[in-house]
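Given next are the chains, with one letter for each unit.
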Amino acid sequence: MVFVKVDKNNCELDIKLQAELFPVEHSPKQVYEGIETGNPVNYIVYLKGMPIGITGYYFDEKLPDHVFINWFGVLKEYRGKGYGSRIIKWLINKCKSLPVKYITTYTDKLVNAESVGLYKKLGFSVLDYDNSEDIAKYTQMGIKNNYVACCKKLKECEDIEFQKLYLKISDDLLEMEND
C-alpha cells in the first residue's frame, strides 16, 4: 500500500472518496483547510495504483495530548481483506512521532460496528461518548447518538490521565482506589 498526502493536486479525489465513504458527514471545506493550514493532514491510500481508502489525523487545541483519526475508511470492495487494519497500524506508527500521548477517534458503534471491532482488536479502549455539543449537532443532522470514543496510548503515561478524561473519575475516587 502507498499513502499519498492530500494536496491541491489530488484533493478532488480525496473529496470524492470522502463523499462515497461518508455520504452524510463528508466535508470538502475541511479538506481545503487541511491543505492550507496543515490541520487536518489527510492521505489517500492506494493499492497497485488504485485508491482503496482514506485516512488522516487532526489536532484539537482543547485536547493537546491527543491526535484524532480523520476520515478513516476503506472502499466496500476492499473490506474484509485486512487493509483497514494495515491502514490504522500505519497511522498509529505515523502518529507516534507527534508530540501527543493518545490517538483517538469517534464513531457510531452501530453504523461502524466493523470499525469499532477493528479498533478493539488493535488495542483501543472503547467508551460511550457523551459530548453534549456533538450530540446536539448530530441530533440536528437527524443522527441518533450511538457514538463511542476509541482511544489508544501512543506513549507511556499514567492511566489516571485517561481515566479522568474518558471515564470522568474524580481525583477523590482515584485517590481512594490507590490507597
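Here is what the cut-offs are and how they apply
Residues numbered from 1 in each chain as written. Predicted model: local features only at pLDDT ≥ 70, side-chain atom pairs only at ≥ 80, totals over all residues. Heavy atoms only, no water. Phe/Tyr/Trp six-rings, centres within 6.5 Å; stacked < 30°, edge-to-face > 60°. Helix = DSSP H or I, 4+ residues; strand = E, 2+ residues; numbered from the N terminus. Buried < 20%, exposed > 50% of the residue type's maximum accessible area, 1.4 Å probe, protein only. Core = buried A, V, L, I, M, F, W, Y, C linked by side-chain atoms within 4.5 Å. Contact = heavy atoms within 4.5 Å. Salt bridge = Lys/Arg side-chain N within 4 Å of Asp/Glu carboxyl O. pLDDT = per-residue confidence, 0-100. Pairing = 2+ DSSP bridges. Axes fitted to C-alpha atoms, helices over the stretch in contact; angles between N-to-C directions. Parallel < 35°, antiparallel > 145°, perpendicular 65-115°, else oblique. Left-handed = near helix turned anticlockwise from the far one by under 90°. Nonpolar A, V, L, I, M, F, W, Y, C, P; charged D, E, K, R; others polar.

Participant: Looking at this structure, how should I read the packing of aromatic side chains?
Facilitator: Each aromatic ring pair is specified by the distance between its two centres and by the angle formed by the two planes. Taken as a whole and assessed by the stated rule, the structure comprises nine aromatic pairs. Residues Phe3 and Trp90 carry aromatic rings whose centres are separated by 3.8 Å and whose planes lie at 5 degrees to one another, so their mutual orientation is stacked. You can see Phe3 sitting in strand β1 (residues 2-5) and its partner Trp90 sitting in helix α3 (residues 83-95), a full 87 residues away along the chain. Exposure remark for Phe3: the relative accessible area of 18% places this residue in the buried category. A ring pair is formed by Tyr43 and Trp90, whose centres lie 4.9 Å apart and whose planes are at 80 degrees; its orientation type is edge-to-face.

Participant: I tried to follow the nonpolar core on my own but got confused; where do I start?
Facilitator: Note that soluble globular proteins tend to have their nonpolar side chains buried in a common cluster. Grouped together as the largest cluster of nonpolar side chains are 41 residues, with contacts concentrated most on Ile88, Ile103 and Phe124. Among residues more than four places away in sequence, those in contact with Ile88 are Ile69, Phe72, Leu118, Tyr119, Leu122 and Phe124.

Participant: When you look at the pattern of salt bridges in this model, what are you seeing that I'm missing?
Facilitator: Pairs can form between side chains of opposite charge once their charged atoms are near each other. Inspection of every chain in the model, using the stated rule, returns two salt bridges. Its salt-bridge partner being Lys29, residue Glu33 comes within 3.8 Å of it at the nearest N-O pair. Residue Glu33 and its partner Lys29 are located together in helix α2 (residues 28-37), separated by four residues, close to a single helical turn. Here Lys29 falls in the exposed class, since its relative accessible area comes to 58%.

Participant: Which parts of the structure should I look at to understand the confidence of the model for the protein?
Facilitator: Low-confidence regions, as indicated by low pLDDT, have predicted coordinates that should not be scrutinised in detail. Of all residues in the protein, 80% attain a pLDDT of 70 or more, and the chain-wide mean is 84. When the criterion is pLDDT under 50, residues 167-179 qualifies, and its contacts beyond four places in sequence or with other chains add up to 12 contacts.

Participant: Before we go on, may I ask you to explain the pairing of strand β6 (residues 102-108) in this structure?
Facilitator: Most of β6 sits inside the fold, with six of its seven residues counted as buried. Pairing analysis gives three bridges linking strand β4 (residues 66-69) to β6, with the strands arranged parallel. Paired with His66 across the bridge in β6 is Tyr102.

Participant: Would you explain the packing of α3 against helix α4 (residues 113-121) in this entry?
Facilitator: When two helices pack together, their arrangement is given by the angle between their axes and by how far apart the axes lie. Contact geometry for α3 and α4: axes closest at 11 Å, N-to-C directions at 55 degrees. Relative to α4, the element α3 lies oblique. At the point where α3 passes α4, the crossing takes the right-handed sense. Side by side, α3 and α4 meet where Gly84, Ser85 and Ile88 of the first sit next to Leu118, Tyr119 and Lys121 of the second. Its residues assigned to classes, the contact of α3 with α4 shows three nonpolar, two polar and one charged.

Participant: Teacher, can you tell me more about unusual backbone geometry here?
Facilitator: Cis rather than trans, the peptide bond between Asn39 and Pro40 has omega equal to 10 degrees. We note that Lys48 has phi near 50 degrees; this positive angle belongs to a residue other than glycine. Examined against the element boundaries, Lys48 turns out to sit in the loop between β2 (41-47) and β3 (50-58). The backbone of Trp71 sits at a positive phi, close to 50 degrees, despite the residue not being glycine. With respect to the helices, strands and loops of the structure, Trp71 is situated in the loop between β4 and β5 (73-74). Overall, the relative accessible area of 14% leaves Trp71 in the buried class.

Participant: In this structure, what is going on with the environment of Lys120? I would like to understand it.
Facilitator: Secondary-structure assignment places Lys120 in helix α4. Under the relative-accessibility criterion, Lys120 is labelled exposed at 52%. Placed 32 residues apart in sequence, Lys120 and Lys152 show a C-alpha to C-alpha distance of 9.5 Å.

Participant: Even after reading the chapter, I still don't get the environment of Thr105, so can you show me in this structure?
Facilitator: The residue Thr105 is located in strand β6 in this model. Taking the C-alpha atoms as reference, Thr105 lies 9.4 Å from Tyr57; in sequence the two are 48 residues apart. Non-local contacts of Thr105, meaning those with residues more than four positions away in its chain, are made with Ile69, Tyr119, Val148, Ala149 and Cys150.

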